[in-house]
Amino acid sequence: MPRPLKRARLLDFPHQEEIFDARLDTISTEPPSDIVFTFRRLIPSAPPLILLDGGVPAEQLDGVYTPMRLRFSGAVWLRRTGIYADLDALAADADARRMFGVQHAYDPNVGDYYWVTMGASEPGELMLRAQACQVEPAEGELEPVQIVRRWAPTPYPTPCVLQHRPVLHRRYAGDPIRIRLGGRWLKHRFFIGGVHHQRGERPAVDAVLNLCGVENPWCGWHGRALADRYSWRGEMGAGMSLEELLEEASWVADRLRAGQRVLVHCFAGVNRSSTVCCAALMLLENLRPEEALARLRERHPIACPDPYYWFLLQWLGRQRAREESGGAGAVVEDSAGHSKTASRAASALRRHSAAG
């Protein structure tokens, strides 16, 4: 009998701290078959200052860029596409050179691979297969910097085997998220998924939130249901604003409180849907962002809000804590004193907390 294929799995990558918010300088090959990324690691020299930059939550960070190298041993490119096909064509200070992290995973059709998450808004991928990966020191000058940023490192997922749940996916088009309402745990009320979980028949839920702009397969036969919401949202720097995130999360939380079954999905079920589901859990149960993400990953381990969205979720958590403490830990406003967006967001948090 043929041996069964190994299941896809998430693997460990211990160098996330060194990679996050680094600046990629060069990509080269070295004998016998290594691919080497030369980059500048950002080491903070003081805690960040939380502020509003033009009314948008941000943080000011002082630090030092330190030269380092990321070596992939026994490596071969799987994808080096878009703007990364010619790295030298990018300006030295281009946002596309910002590194956010590396996802290490195994796929039965690809093998053991590494996918480098970058800060580009333009199309482009860096994905390679390698036998090992390590961070090394590199020669170069230290460079003091001060940056204003609105991104933060998303907690790396726990290594695990990715489970396939055909019965649940066929019925609900996603993985279940436990929620606690009215003092009871509900296991099959709230679902998260991607387009690949969907079939020709509408799932057995009361409301669907489609965040990806791709028409659901059942709409071709039955049309759109009036109870569903179609709201295309972007990713990374082109993603939802704070107010838009609260709008989507509030729509979900209101229906869950009303006793409805709700499915939230984007294209892959990784980023946008995870962000909205985290925010909805924060509204429903007063969870911290880390607690909400851990809840999602119990049954949906690929949940991973991008660094821009994770920064918004953390900011929402800080706002809630600030409101509960009576305004302690004030946010610094920018020189124009913009606070309208943040004030509306804080008001929404209070309103939905009271509703819960």
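That block above? That's the structure.
One structure accompanies this document, and this report is about it. (Residues numbered from 1 in each chain as written. Predicted model: local features only at pLDDT ≥ 70, side-chain atom pairs only at ≥ 80, totals over all residues. Heavy atoms only, no water.)

What follows covers the state of the cysteines. With the rule as written, the count across this model stands at zero disulfides. Unpaired in this structure, Cys278 has its nearest cysteine sulfur neighbour in Cys277, at a distance of 7.4 Å. Judged by relative accessible area, Cys278 falls into the buried class, the value being 0%. (Disulfide = S-S within 2.5 Å. Buried < 20%, exposed > 50% of the residue type's maximum accessible area, 1.4 Å probe, protein only.)

In this section: empty space enclosed by the protein. Summed over the entire model, instances satisfying the criterion amount to one cavity of 30 Å³ or more. Lining the largest cavity are His169, Arg170, Ala173, His197, Arg199, Glu201, Arg202 and Pro203. Here the lining of the largest cavity is built from residues that sort into two nonpolar, two polar and four charged. (1 Å grid on protein atoms, 1.4 Å probe; cavity = no way out; pocket = protein on both sides within 12 Å on 5 of 7 lines; lining within 4 Å. Points joined across faces, edges and corners; volume = space filled by probe spheres on them. Nonpolar A, V, L, I, M, F, W, Y, C, P; charged D, E, K, R; others polar.)

It is worth spelling out the sheet that holds strand β15 (residues 207-210) at this point. Pairing in this open sheet of five strands is mixed, and the strands run β13-β14-β17-β15-β16 from one edge to the other. Among the strands making up the open sheet, the edge pair consists of β13 (175-181) and β16 (229-230). Pairing of β15 with β16, which is carried by two bridges, proceeds in the parallel orientation. Note that in β16 the partner of Asn210 across the bridge is Tyr230. (Pairing = 2+ DSSP bridges. Helix = DSSP H or I, 4+ residues; strand = E, 2+ residues; numbered from the N terminus.)

Between helix α5 (residues 272-285) and helix α7 (residues 307-324), the shortest axis-to-axis distance is 10 Å and the interhelical angle comes to 5°. Looking at the two axes, α5 sits roughly parallel to α7. When α5 is examined against α7, the residues Arg272, Thr275, Cys278, Ala279, Met282 and Leu283 are found in contact with a partner set consisting of Tyr309, Leu313, Leu316, Gly317 and Arg320. (Axes fitted to C-alpha atoms, helices over the stretch in contact; angles between N-to-C directions. Parallel < 35°, antiparallel > 145°, perpendicular 65-115°, else oblique. Contact = heavy atoms within 4.5 Å.)

The next point concerns the pattern of salt bridges. Oppositely charged side chains can pair when the atoms bearing their charge come close. Taken as a whole and judged by the stated rule, the model has 26 salt bridges. For Glu17, the salt bridge identified is with Arg41, shortest N-O distance 3.8 Å. One end of the pair, Glu17, is in helix α1 (residues 16-19); the other, Arg41, is in strand β3 (residues 34-44), and 24 residues separate them in sequence. Taking relative accessible area as the criterion, Glu17 reaches 62% and is therefore assigned exposed. Glu248 serves as the salt-bridge partner of Arg229, at 2.8 Å between the closest nitrogen and oxygen. Note that Arg229 is positioned in strand β16 and Glu248 in helix α4 (residues 242-257), a separation of 19 residues in sequence. Among the residues examined, Glu248 registers a relative accessible area of 0% and is labelled buried. Three or more residues joined by partner-sharing salt bridges are found here, namely Asp21, Glu59, Asp95, Arg98 and Arg149. (Salt bridge = Lys/Arg side-chain N within 4 Å of Asp/Glu carboxyl O.)

What follows concerns the layout of surface pockets. Here the second largest pocket defines a volume of roughly 200 Å³. When contributions to the lining of the second largest pocket are tallied by element, the ones reaching two or more residues are β5 (56-73), α4 and α7. Sort the elements by how many residues they give to the lining of the second largest pocket and α7 lands first, with four residues. For the lining of the second largest pocket, a count of residues per class yields ten nonpolar, six polar and two charged.

All right, on to the side chain of Thr154 then. Within the secondary structure layout, Thr154 lies in the loop between β11 (143-149) and β12 (160-161). Leave out the neighbours within four places in its chain, and Thr154 touches Leu293, Arg297, Cys304, Pro305, Asp306, Pro307 and Trp310.

Below, the discussion takes up the nonpolar core. With 46 residues, the main nonpolar core has Phe190, Val252 and Val264 as its most contacted residues. In terms of residue count, α5 provides more of this core than any other element does, nine residues in total. Once you skip the residues sitting within four places of it in the chain, Val264 turns out to touch Phe190, Phe191, Ile192, Gly193, Leu209, Leu211, Val252, Ser273, Val276 and Cys277. In terms of nonpolar packing, the next biggest core, distinct from the first, is built from 28 residues, Ile19, Leu24, Phe37 and Leu90 among them. (Core = buried A, V, L, I, M, F, W, Y, C linked by side-chain atoms within 4.5 Å.)

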